[in-house]
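Survey of secondary and tertiary structure
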Amino acid sequence: MRHVLRAALLSFTCFAATAGFAADAALIEKGRKLFADAKLSSTGAACVNCHPNNGHTDNKTYVGLNAVKDGTPDGRSTPTLWGAGRRSVYAWAGTAPALEGNIRAIIVNRMKGAEPTPETLAALAAYVRSLAPPKTGNIDDDGVPAKKAPAAVKRGFALFTGKGGCGACHVPGSFDKAEPEDVGTGAKFKVPALWAVSQTAPYFHDGRTESLEDAAKAMWAVSTKKAGTASDPTDKEIADLLAYLNSL
Ligand code: HEC
Ligand code: HEC
């Protein structure tokens, strides 16, 4: 048995090397180290301070490097980087089309660090792209509930793409879109991706909402008003929508 496993492992290693996986793995590993390297900043801050737990979020809101009260108007809540490789656009302002450019801006502007080399940016971007959101098993990669998902999750998906109108902006699959939107704050912000959204509170660019239920209710009001079908969701509709969101 051990023999067979060893042989399988050996042939996988050969395959990985020929397919270029080894080179990718080395770049990702370099990025992982840089992610924890306080020397990228002039203030002792490392990426991992705000994106702990393999690039997740520390669930805080910042102005520069200072944590502020959630909901502070110029505060920005830390997004999870799980699944960031699939996003259509970066930064809450929705202005950074590429991951490398966004990371450069964070190092230079937020962390007050020296101009990073292209190699540093490539390694950090490769690491960030390697961070997949954990799977709940209820949702396929295209955002559609798996066959075995509970009925409430399936009803929630029907509301998400139907009556709730969420899918017009949070397009299933990436759950975002490239164009920023004004959802009633008087300014346009990035449509955030929703993978692992149950673990990313506080919600919205300024972290103004603590619970996913309140965020979903606020979005329902905006969404149905925009669609000209303004309505309050029933308790059952909100429960179903949350069953879906909690499965992402
Ligand atoms: C002081 C806390 C802090 C540090 C340190 C930090 N980040 Fe962030 N990160 C944030 C916040 C807050 C945002 C949202 C900022 C915005 O969009 O205006 C963010 C956004 C991002 C985004 C954009 C995600 C998206 O979907 O828009 C990426 C990528 C990112 N950070 C990677 C990094 C990397 C790589 C480092 C280290 C070089 C780093 N961060 C250091 C707090 C931090
Ligand atoms: C018109 C486009 C649009 C529609 C429709 C829409 N959203 Fe959003 N959604 C956004 C934008 C833009 C934000 C960020 C707003 C901000 O940060 O102030 C957002 C933020 C969110 C957040 C917070 C995520 C986070 O990481 O902070 C959740 C949850 C959410 N939406 C769920 C929904 C649900 C559920 C629906 C349907 C009931 C919906 N959205 C409909 C554009 C939309």
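Rules used in this analysis
Residues numbered from 1 in each chain as written. Chains lettered and ligands numbered in written order. Predicted model: local features only at pLDDT ≥ 70, side-chain atom pairs only at ≥ 80, totals over all residues. Heavy atoms only, no water. Near = heavy atom within 4 Å. Polar contact = N/O pair within 3.5 Å; in protein donor to acceptor, adjacent residues only side chain to side chain. Helix = DSSP H or I, 4+ residues; strand = E, 2+ residues; numbered from the N terminus. Nonpolar A, V, L, I, M, F, W, Y, C, P; charged D, E, K, R; others polar. Domains from an automatic or database assignment. Contact = heavy atoms within 4.5 Å. Buried area = accessible area lost by both parts, 1.4 Å probe. Core = buried A, V, L, I, M, F, W, Y, C linked by side-chain atoms within 4.5 Å. Buried < 20%, exposed > 50% of the residue type's maximum accessible area, 1.4 Å probe, protein only. Pairing = 2+ DSSP bridges.

1. Considering the site of ligand 2
- Not every one of the 23 residues close to ligand 2 is listed here, only the nearest: C166, C169, H170, H205 and M219.
- H170 is positioned such that a nitrogen or oxygen atom in its side chain is 2.9 Å from a nitrogen atom of ligand 2.
- R208 has a polar side-chain atom sitting 3.2 Å from an oxygen atom of ligand 2.
- Of all the secondary-structure elements, those providing two or more residues to the shell around ligand 2 are β5 (189-191) and α8 (212-226).
- The element contributing the most residues to the shell around ligand 2 is α8, with 5 residues.
- The residue makeup of the shell around ligand 2, split by class, is 13 nonpolar, 6 polar and 4 charged.

2. Considering the domain arrangement of the protein
- Examined at the domain level, the protein breaks down into domain 1 (20-129) and domain 2 (151-245).
- Placing a centre on the C-alpha atoms of domain 1 and another on those of domain 2 gives a separation of 25 Å.
- Taken together, the contacts link 23 residues of domain 1 with 23 residues of domain 2.
- For the pairing of domain 1 and domain 2, the buried interface totals around 1,800 Å² over both sides, and the portion due to carbon and sulfur atoms is 53%.
- Per-residue buried area on domain 1 facing domain 2 is highest for R86, S88 and W92; these three make up 32% of the total on that side.
- If you look at where domain 1 meets domain 2, you find 10 residue pairs in polar contact (both at pLDDT 80 or more).

3. Remarks on the nonpolar core
- Ranked by size, the top nonpolar core spans 23 residues in total, and within it F160, F175, L194, L241, Y244, L245 and L248 carry the most contacts.
- Looking at this core, the elements with two or more residues in it are α7 (151-161), α8 and α9 (235-245).
- Looking at which element gives the most residues to this core, the answer is α9, with 5 residues.
- Formed by 21 residues, the second largest nonpolar core is a distinct cluster that contains W82, L99, I107 and A123.

4. Brief notes about unusual backbone geometry
- Cis geometry marks the peptide bond from A201 to P202; its omega dihedral reads 0 degrees.
- Phi is positive for K112, close to 50 degrees, though the residue is something other than glycine.
- When you line up the elements, K112 lands in the loop between α5 (99-110) and α6 (118-129).
- K112 sits in the exposed class, given a relative accessible area of 52%.

5. Points about the sheet that holds strand β2 (residues 66-68)
- Taken in spatial order, the 3 strands of this open sheet run β2-β1-β3, and their pairing is antiparallel. What marks the edges here is a single partner per strand, and that holds for β2 and β3 (76-77).
- Sheet topology places strand β1 (residues 61-63) next to β3; 2 bridges connect them, and they run antiparallel. Note on β3: the bridge partner recorded for Y62 is R76.

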